[in-house]
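So the chains spell out like this:
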Amino acid sequence: MAFIEVRFPTDIAYGSAGGPEYFTDIVITQGGYEQRNANWSQARARYNVAHGVKTQAQLDALIAFFRARKGQADGFRFKDWSDYKVTGQIIGTGNGSNKNFQLVKTYVNGGITETRTITKPVAGTVNIYLAGVLQSGSAYTLDTATGYIAFVSAPGGSVSVTADFEFDVPVRFETDRLSATLDSYGSHSWHDIPIVEIRV
C-alpha cells in the first residue's frame, strides 16, 4: 500500500469532526451484567472532513486531492487540530550505546498511561533535548517519515532525552466515492467524507 508524504489541506481539516476510537466487544449476560473485551491496545482516529468544506476553492482542492490519492488507495498526512503538538515529551533515557529513539506522545489519566507512537512529525517543528539542553541539528538526524531520531553520538547513561514537536496523523480516505448535493447554483453540500487513521 502506498503512503504519500503529502498533507491534507489544513484549512479543510480545521473544520472537520472526529477523534480517537477503540474497538470493544460487549456481551450482556442474562443477569444484565457485561463482559467487555478491548480488541485494540491503542486508539485509532477517525474523522469526517465534509464539514470543513466552506468555499468553492476548498471544494476544488478537495476533489483534486481525492483524485490524486485515488480514493482509498493511498495514505496521506492529516493535521488533527485537536491533538497535534507535544512539549517536553520524554522519548527515552541514554545508556551510552543506544543512538536511536522513537518519537512518542504519552497520555496520562488516573494513573493509566497510553503511549502513542508518532511516525509523522512535522519538519521544522522538532526540538531535541539532552538533560534539558537543546541540541543542534547536527547532533542527530530526524526521519520525518518514521519519527526516528538517530544521534551522532549516543546519549550518556541516565541522560533524559526529551522532545518538542508537532505531528500529523497517517490516514486514508474511507470511501472510494465523493457524493455532493447541489443545493443551489454555486452551492454544494457534503454529508460524509470519512478518513481513518492507518498503521504505518
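What counts and how
- Residues numbered from 1 in each chain as written.
- Predicted model: local features only at pLDDT ≥ 70, side-chain atom pairs only at ≥ 80, totals over all residues.
- Heavy atoms only, no water.
- Helix = DSSP H or I, 4+ residues; strand = E, 2+ residues; numbered from the N terminus.
- Buried < 20%, exposed > 50% of the residue type's maximum accessible area, 1.4 Å probe, protein only.
- Contact = heavy atoms within 4.5 Å.
- Areas by Shrake-Rupley, 256 points an atom, 1.4 Å probe, with all protein chains shown as cover.
- Lys, Arg positive; Asp, Glu negative; His and termini not counted.
- Charge placed at Lys NZ, Arg CZ, Asp CG, Glu CD.
- Polar contact = N/O pair within 3.5 Å; in protein donor to acceptor, adjacent residues only side chain to side chain.
- Pairing = 2+ DSSP bridges.
- Core = buried A, V, L, I, M, F, W, Y, C linked by side-chain atoms within 4.5 Å.
- Phe/Tyr/Trp six-rings, centres within 6.5 Å; stacked < 30°, edge-to-face > 60°.
- Lys NZ or Arg CZ within 6 Å of the ring centre and 35° of its normal.

1. Some points on the overall build of the protein
Part 1 of the reasoning: Summing up its helical and strand segments, the protein has two helices and 19 strands in all.
Part 2 of the reasoning: In terms of its C-alpha atoms, the protein occupies a principal-axis envelope of roughly 65 × 55 × 30 Å.
Part 3 of the reasoning: For the protein, with 200 residues in total, the buried portion stands at 36%.
Part 4 of the reasoning: Within the protein, contacts between residues at least 6 apart in sequence are counted, and of these 71% link residues at least 24 apart.
Part 5 of the reasoning: Accessible surface, the protein as shown: approximately 11300 Å² in total, 51% of it carbon and sulfur.
Part 6 of the reasoning: For the protein, the separation between the mean place of its 18 positive charges and that of its 19 negative charges on side chains is 3 Å.

2. A short note on the side chain of Thr175
Part 1 of the reasoning: For Thr175, the position within the fold is in the loop between β16 (169-173) and β17 (180-184).
Part 2 of the reasoning: Relative accessible area serves as the criterion here: at 16%, Thr175 is assigned to the buried category.
Part 3 of the reasoning: Here Arg177 takes part through its backbone oxygen, which lies 3.0 Å from a polar atom of the side chain of Thr175.
Part 4 of the reasoning: If we skip the residues at most four places from it in the chain, Thr175 touches Phe66, Gly71, Gln72 and Pro194.

3. Thoughts on the pairing of strand β15 (residues 160-166)
Part 1 of the reasoning: Among the seven residues that make up β15, five are buried, leaving the element largely enclosed by the rest of the structure.
Part 2 of the reasoning: Summarising the sheet, strand β7 (residues 85-93) and β15 pair through six bridges and their orientation is antiparallel. Within β15, the residue paired with Lys85 across the bridge is Glu166.
Part 3 of the reasoning: Relative to β15, strand β11 (residues 127-130) runs antiparallel, the two being bridged by four bridges. The partner of Asn127 across the bridge, within β15, is Asp164.

4. What about the sheet that holds β11?
Part 1 of the reasoning: Pairing in this open sheet of four strands is antiparallel, and the strands run β7-β15-β11-β12 from one edge to the other. Across the chains shown, the open sheet's two edge strands, defined by having one partner strand only, are β7 and β12 (133-134).

5. Some thoughts on the nonpolar core
Part 1 of the reasoning: Core analysis: the largest hydrophobic core is formed by 20 residues, its most contacted members being Phe8, Phe78, Phe173 and Ile195.
Part 2 of the reasoning: Elements supplying a minimum of two residues to this core: α1 (10-13), β5 (44-48), α2 (56-69), β6 (75-78) and β16.
Part 3 of the reasoning: Top contributing element to this core by residue count: α2, with four residues.
Part 4 of the reasoning: The contacts of Phe173, once residues within four sequence positions are left out, are Phe8, Leu62, Phe65, Phe66, Arg69, Gly71, Gln72, Phe76, Ile193, Pro194 and Ile195.

6. Concerning the side chain of Asp164
Part 1 of the reasoning: The topology assignment puts Asp164 in strand β15.
Part 2 of the reasoning: One polar contact links Asp164 to Tyr129, side chain to side chain, over a distance of 2.8 Å.
Part 3 of the reasoning: Residues in contact with Asp164, not counting those within four places in the same chain, are Val86, Thr87, Gly88, Thr125, Val126, Asn127 and Tyr129.

7. Notes on the packing of aromatic side chains
Part 1 of the reasoning: Tallied over the full model, the rule gives 15 aromatic pairs.
Part 2 of the reasoning: Between Phe8 and Phe78, the ring centres sit 5.7 Å apart and the planes meet at 50°, which makes this aromatic pair tilted. Taken together, the residues span a long stretch of sequence, with Phe8 in the loop between β1 (3-7) and α1 and Phe78 in strand β6 at a distance of 70 residues.
Part 3 of the reasoning: Of the aromatic side chains, those joined through ring pairs into one cluster are Phe8, Tyr47, Phe65, Phe66, Phe76, Phe78 and Phe173.
Part 4 of the reasoning: The ring of Phe65 has Arg69 lying over it, and the distance from NZ or CZ to the ring centre is 4.7 Å.
Part 5 of the reasoning: Over the ring of Trp81 we find Lys79, and its NZ or CZ is 3.8 Å from the ring centre.

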